[in-house]
Amino acid sequence: MKILLSYVVFLLLITNNLSAQSYNTLWIPDTLSGPTYNLIARDTFKQLTPGNQTITSAFNGNIWGPTLIFRKGEEVQMNVTNHLQDTTTVHWHGMHLPAVMDGGPHQKVPPGTIWSPYWKVTNNAGLYWYHPHLDMMAQKQLTEGLGGLIIIRDSIEASLNLPRTYGVDDIPLAITDRDFNTSNQFVEVPYGDSIMVNGTLRAEYTVPAQVVRFRILDAAIETSYRLGFSDNRPFYVITTDGGLVNDPVLMSGAAPRFLLSAGERVEILVNCTGQETSTFSLKAFNSTLPQNIPGGEHFPNGPFASFLGHTDYTILKMNVGPQTANPVTSIPKSLTNNVFPTKADFTRVLTLSDSMGVLNPPILGPNAFILNNHLFNINYIDYNIPVNRTEIWELTSTSGFAHPFHIHDVQFYILSRNGQTPQPFEQGWKDVVLVKTKETVRFITRFSDYADELHPFMFHCHIALHEDEGMMGQFVVGEPSTAINEQHSEKPDFILYPNPACDKLFIEMNDPGNSEYYVTIKNVSGRTIFMLPQPKMEHGIDINKLLPGTYFLTLTDTKYKKQITKPFIKL
């Protein structure tokens, strides 16, 4: 049935491509600047193809959410409101931040709830993103359209002569593929038959005749894209996942290509100077991918079937227009001076494998993949890593398939692939690395701060299907030794004031000690309204959005797992 529906949609797309109106103008997401950011997730509709509207889930009304602009060194305050019918989470992919703010499977946001994490931005300038990370629901919620980009700016990047006029010569591209049924509704499958960029099908865009910067995210459920241009023009890689590389890396030759896997980001410069009125396309040259790399397979039918599998196809058509008033027309010779760790305190060995032949009997069938010989258990902590430790992680794959490995909390530097120095375009800060079949990848990273023995960070395959099926683990960063202070042996006690309250509610701790607290507010029906990780007590809690009535505030001592609940009245 899936192959029949896909074929019908495929024929419609081919028919549309034959018409003069075959392309749609690429939608550029709106931007939000801080320090306070309000994101609302809700179920909505989008007119993606003629006929029925497609049911989607979206942040702030769009299938691809607003681009958040952060500045290194500032503290950002997020207010995430869940108006979906389902529980969700929002993971700030690539961000270095406390685990309780990370938005992994543990930070569930129920329907009707506002989650308010905050953190100081310490990441380098570059491209990051946010997306749902609910356990066993990532594929579904990503398919429905939840996600958005994050751009971080810093003084080093600002000093360079780079394109940075958003939507003009600095173009965000979130690439993914989707499947539609005959009613124009998304089908939850690993591979789609239709390419979407920023939520736009058959996208085209006009770029100026100068140096253009493309910030590219592989936001696919599973597909890797072997990127290049229709005219085989050269381009320059200027960032990896975690920011600028030291010097621009020229991708040239007869057929310059760059392989981007699920969750990875790259920024490239393309020189269009003197090319006004010409056209060219960004393409996926996936016909040259081997069968064991996502997007390189070709299944004629079944849930993994896709007309795009093991083929070459257009991602974005580009029309070159006039130059802007102050064009960038040259490529910088140098970008930054990254300093990577060279000596590790510990080497940690991880295995990536197929369940078939490892687990007896195999769990979830032959298509299940596992980390460290077991499936994910949300109550099991794989590693307890001492704070301030530098580690080498050695990823050894016996799997018959390539897996994009992602770690939360830190950026890492790839030391080697099968003992060989990585290519220059991988020699930067990373948080996703594609581990190919029968390959060993070694990277080095430092767990410098945010010790928290109760709230874990995740590591997992970034193919959403594999993650949902259990190819995931978790770790905590802890103090070298932890002694319980006797003064915290009782439940924390506090005073709420003013009570009743109109605008702000303050918490006064009778014995604040050195603990950190998690605050939740529920209504009389027991529904969670606010989730406030480690709120700043001295600033009070803004309760303006609450309707008049009685509520219950629960204060949890996150270090000693003690809590107490008190009522208050909102006037």
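Conventions we followed
Residues numbered from 1 in each chain as written. Predicted model: local features only at pLDDT ≥ 70, side-chain atom pairs only at ≥ 80, totals over all residues. Heavy atoms only, no water. Helix = DSSP H or I, 4+ residues; strand = E, 2+ residues; numbered from the N terminus. Rg over C-alpha atoms; globule rule 2.2 N^0.38 Å. Contact = heavy atoms within 4.5 Å. Areas by Shrake-Rupley, 256 points an atom, 1.4 Å probe, with all protein chains shown as cover. Lys, Arg positive; Asp, Glu negative; His and termini not counted. Charge placed at Lys NZ, Arg CZ, Asp CG, Glu CD. Buried < 20%, exposed > 50% of the residue type's maximum accessible area, 1.4 Å probe, protein only. Pairing = 2+ DSSP bridges. Core = buried A, V, L, I, M, F, W, Y, C linked by side-chain atoms within 4.5 Å. pLDDT = per-residue confidence, 0-100. Salt bridge = Lys/Arg side-chain N within 4 Å of Asp/Glu carboxyl O. Axes fitted to C-alpha atoms, helices over the stretch in contact; angles between N-to-C directions. Phe/Tyr/Trp six-rings, centres within 6.5 Å; stacked < 30°, edge-to-face > 60°. Lys NZ or Arg CZ within 6 Å of the ring centre and 35° of its normal.

Enquirer: Run through the overall build of the protein chain, naming residues and quoting values.
Expert: Counting its regular elements, the protein chain contains 4 helices and 41 strands. In terms of overall size, the protein chain behaves like a compact globule, its C-alpha atoms giving a radius of gyration of 24 Å where 571 residues would be expected to give roughly 25 Å. By its C-alpha atoms, the protein chain is 70 × 55 × 50 Å across when sized along the principal axes. Counting contacts in the protein chain only where the partners sit at least 6 residues apart, residues at least 24 apart contribute 75% of the total. Carbon and sulfur atoms form 52% of the exposed surface of the protein chain, whose accessible area is close to 22,400 Å². Put simply, the protein chain has 41 plus and 53 minus side-chain charges, and the middle of one group is 3 Å from the middle of the other.

Enquirer: Would you mind going over unusual backbone geometry in detail, with residue names and values included?
Expert: A cis geometry characterises the amide bond from Y497 onward to P498, with omega recorded as -15°. Within the secondary structure layout, P498 lies in the loop between β35 (494-497) and β36 (504-509). In this structure, P500 follows N499 across a cis peptide bond, with omega equal to 15°. One can find P500 in the loop between β35 and β36. One non-glycine residue, T277, lies in positive phi territory at about 80°. Looking at the element boundaries, T277 is found in the loop between β22 (265-271) and β23 (279-285). Backbone geometry at N373 places phi at a positive 65°, although glycine is not the residue there. The residue N373 is located in the loop between β26 (369-371) and β27 (383-386) in this model. Of the residues examined, N373 reaches a relative accessible area of 43% and is grouped as partly exposed.

Enquirer: Go over the pairing of strand β33 (residues 452-461), please, and point to the residues and values.
Expert: The element β33 is largely enclosed, with a buried count of 8 among its 10 residues. Two elements, strand β29 (residues 403-407) and β33, share 3 bridges in a ladder whose sense is antiparallel. When the bridges of β33 are listed, H406 appears paired with H460. Pairing between β33 and strand β34 (residues 472-478): 5 bridges, direction antiparallel. Each bridged residue has a counterpart across the sheet, and for D452 the counterpart in β34 is V477.

Enquirer: How would you explain the nonpolar core if you had to name every residue and give the values?
Expert: Side chains of a nonpolar character, in soluble globular proteins, are inclined to be buried together. In terms of nonpolar packing, the biggest core is built from 47 residues, with F214 and I315 touching the most fellow members. Of all the elements, strand β24 (residues 312-321) adds the most residues to this core, at 5 residues. Each residue touching I315, except ones within four places of it in the same chain, is listed here: I175, I195, V197, A203, L227, L282, K283 and A284. Listed in part, the 31 residues of the second largest apolar core include L350, L395, F405 and M471.

Enquirer: Could you give an account of the confidence of the model for the protein chain, with specific residues and numbers?
Expert: Per-residue pLDDT for the protein chain averages 91, and the proportion of residues at 70 or more is 91%. When the criterion is pLDDT under 50, residues 482-489 qualifies, and its contacts beyond four places in sequence or with other chains add up to 17 contacts.

Enquirer: Describe the sheet that holds strand β16 (residues 203-208), with residues and values.
Expert: As summarised here, the arrangement of the 6 strands in space is β1-β16-β24-β23-β18-β21, forming an open sheet in which the pairing is mixed. Each edge of the open sheet carries a strand with a single partner, namely β1 (24-25) and β21 (258-260). The pairing of strand β18 (residues 225-229) with β21 spans 3 bridges and is antiparallel. Bridge pairing in β21 links Y225 to L260.

Enquirer: Give a detailed account of the pattern of salt bridges, specifying residues and quantitative values.
Expert: Going through the model one piece at a time under the given rule, you end up with 20 salt bridges. For E267, the salt bridge is made with R215, and the minimal N-O distance between the two is 3.0 Å. Of this pair, E267 sits in strand β22 while R215 sits in strand β17 (residues 211-218), and the two are 52 residues apart along the sequence. R215 shares its class with E267; the two are buried. Measuring nitrogen to oxygen at the nearest pair gives 3.1 Å for the salt bridge that ties K566 to D493. Note that K566 is positioned in strand β41 (residues 562-570) and D493 in the loop between β34 and β35, a separation of 73 residues in sequence.

Enquirer: Explain the sheet that holds strand β10 (residues 126-131) to me, using residue names and the numbers behind them.
Expert: The pairing of strands in a sheet comes from backbone hydrogen bonds and takes either a parallel or an antiparallel form. Spatially, β2-β5-β11-β10-β7 is the arrangement adopted by the 5 strands of the open sheet, whose pairing is mixed. At either margin of the open sheet sits one strand with a lone partner, and together these are β2 (31-33) and β7 (91-93). Between one strand axis and the next, the sheet turns through 25° on average, direction left out of account. Bridging between strand β5 (residues 67-71) and strand β11 (residues 148-153) involves 4 bridges; their strand directions are parallel. The residue of β11 that forms the bridge with R71 is R153.

Enquirer: Can you explain the packing of aromatic side chains? Please cite residues and give values.
Expert: Each aromatic ring pair is described using two quantities: the centre-to-centre distance and the angle formed by the ring planes. This model, assessed by the stated rule, comprises 30 aromatic pairs. Between Y497 and F506, the ring centres sit 5.6 Å apart and the planes meet at 20°, which makes this aromatic pair stacked. On the accessibility criterion, Y497 (38% relative accessible area) is partly exposed. Lying across the ring of F285, R257 places its NZ or CZ 3.5 Å from the centre. A cation over a ring is seen here: R348 above Y383, with NZ or CZ 4.4 Å from the ring centre.

Enquirer: Before we move on, can you summarise the environment of Y225 with the specific residues and values?
Expert: Positionally, Y225 belongs in strand β18. Leaving out residues up to four positions away in the same chain, Y225 has contacts with I175, T176, D177, I195, D218, A220, F258, L259, L260, A284, N286 and Y313.

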